[in-house]
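The lines below spell out each chain.
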Amino acid sequence: MTIMGETSMNRTRLVLTGLAIAAAIAMSGCDPQPDSEDAATSPSPTASSAAPTGGASATATSTAANDAATVKACADIKKDIKDNAAKVTEAEEIGPPAGHFAVSAQWAAGSVAILAHSMGANEAVTAASEKIQTEMMGLSDAYNKSAAAKPSKKALEAAIKELDTACSAA
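Presented here is an overview of the structure given in this document.

So, how was this worked out
- Residues numbered from 1 in each chain as written.
- Predicted model: local features only at pLDDT ≥ 70, side-chain atom pairs only at ≥ 80, totals over all residues.
- Heavy atoms only, no water.
- Core = buried A, V, L, I, M, F, W, Y, C linked by side-chain atoms within 4.5 Å.
- Buried < 20%, exposed > 50% of the residue type's maximum accessible area, 1.4 Å probe, protein only.
- Helix = DSSP H or I, 4+ residues; strand = E, 2+ residues; numbered from the N terminus.
- Contact = heavy atoms within 4.5 Å.
- Axes fitted to C-alpha atoms, helices over the stretch in contact; angles between N-to-C directions.
- Parallel < 35°, antiparallel > 145°, perpendicular 65-115°, else oblique.
- Left-handed = near helix turned anticlockwise from the far one by under 90°.
- Nonpolar A, V, L, I, M, F, W, Y, C, P; charged D, E, K, R; others polar.
- Expected span 1.5 Å × (residues − 1).
- Polar contact = N/O pair within 3.5 Å; in protein donor to acceptor, adjacent residues only side chain to side chain.
- Salt bridge = Lys/Arg side-chain N within 4 Å of Asp/Glu carboxyl O.

**Here's the deal with the nonpolar core**
Counting 22 residues, the largest nonpolar core has Trp107, Val125, Ile132 and Leu163 as the members making the most contacts within it. Mapped by element, the contributors of at least two residues to this core are helix H3 (50–92), helix H4 (99–117), helix H5 (123–145) and helix H6 (154–169). In this structure Val125 touches Thr70, Cys74, Ile77, Leu163, Ala166 and Cys167, once residues within four positions along its chain are discounted.

Printed below as a string of structure tokens:
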């Protein structure tokens, strides 16, 4: 037997997951690296030194673009975490019996925002953001199961610290 709110929450999760997948597909076509035409038009002093210089230059440009994407992703993810915490607090104020559905939905929505903003970041930031996303979905599930849920947020806090470490290294 399913509760009406549980069915609604499952639909909400399905929609949010669909949006996250659509965002991932849309972002997969984005390439922060310069076009090959841009690299080909860069002047080179001599033909013999063109390959080593061009290769190093292209790598440096690619690294700079990736670093910029990582820095932006870190800023966006940290903002998402802060915004989500405020919205979860608002949802918790609704209180039982229905407030836990709002809290669960907010944790799920926050996890999708984290996932969407991690696109284009370096591997360390992406891995840390995936851990945060997983922990947020775990909290969403816990609140969805019980109106009296008070799940621990220690794993989420550890994942956020890991993100901070990854972002400071970027």
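**Here's the deal with the packing of H5 against H6**
Their axes nearest at 8 Å, the elements H5 and H6 cross at an angle of 165°. Here H5 lies roughly antiparallel to H6, going by the angle between them. Once H5 is placed against H6, the crossing between them reads as left-handed. Contacts from Ala124, Val125, Ala128, Ser129, Lys131, Ile132, Glu135, Met136 and Leu139 in H5 reach Ala155, Leu156, Ala159, Ile160, Glu162, Leu163, Ala166 and Cys167 in H6. For the contact of H5 with H6, the class distribution of residues is 13 nonpolar, one polar and three charged.

**Some words on H5**
Between its first and last C-alpha atoms H5 spans 33 Å; for 23 residues at 1.5 Å apiece the expected length is 33 Å, and the two agree. Looking only at H5, the buried set comprises Val125, Thr126, Ala128, Ser129, Ile132, Gln133, Met136, Leu139, Ser140, Tyr143 and Asn144. Two or three places before Ala124, at the start of H5, stands the capping residue Asn122, its side-chain oxygen 3.3 Å from that residue's backbone nitrogen.

**Structural notes on the pattern of salt bridges**
Applying the stated criterion to the full structure yields five salt bridges. In this structure, the salt-bridge partner of Lys78 is Asp164, at a minimum N-O distance of 3.8 Å. On the criterion of sequence distance, the pair formed by Lys78 in helix H3 and Asp164 in helix H6 is long-range, its members being 86 residues apart. What makes Asp164 partly exposed here is its relative accessible area of 34%.

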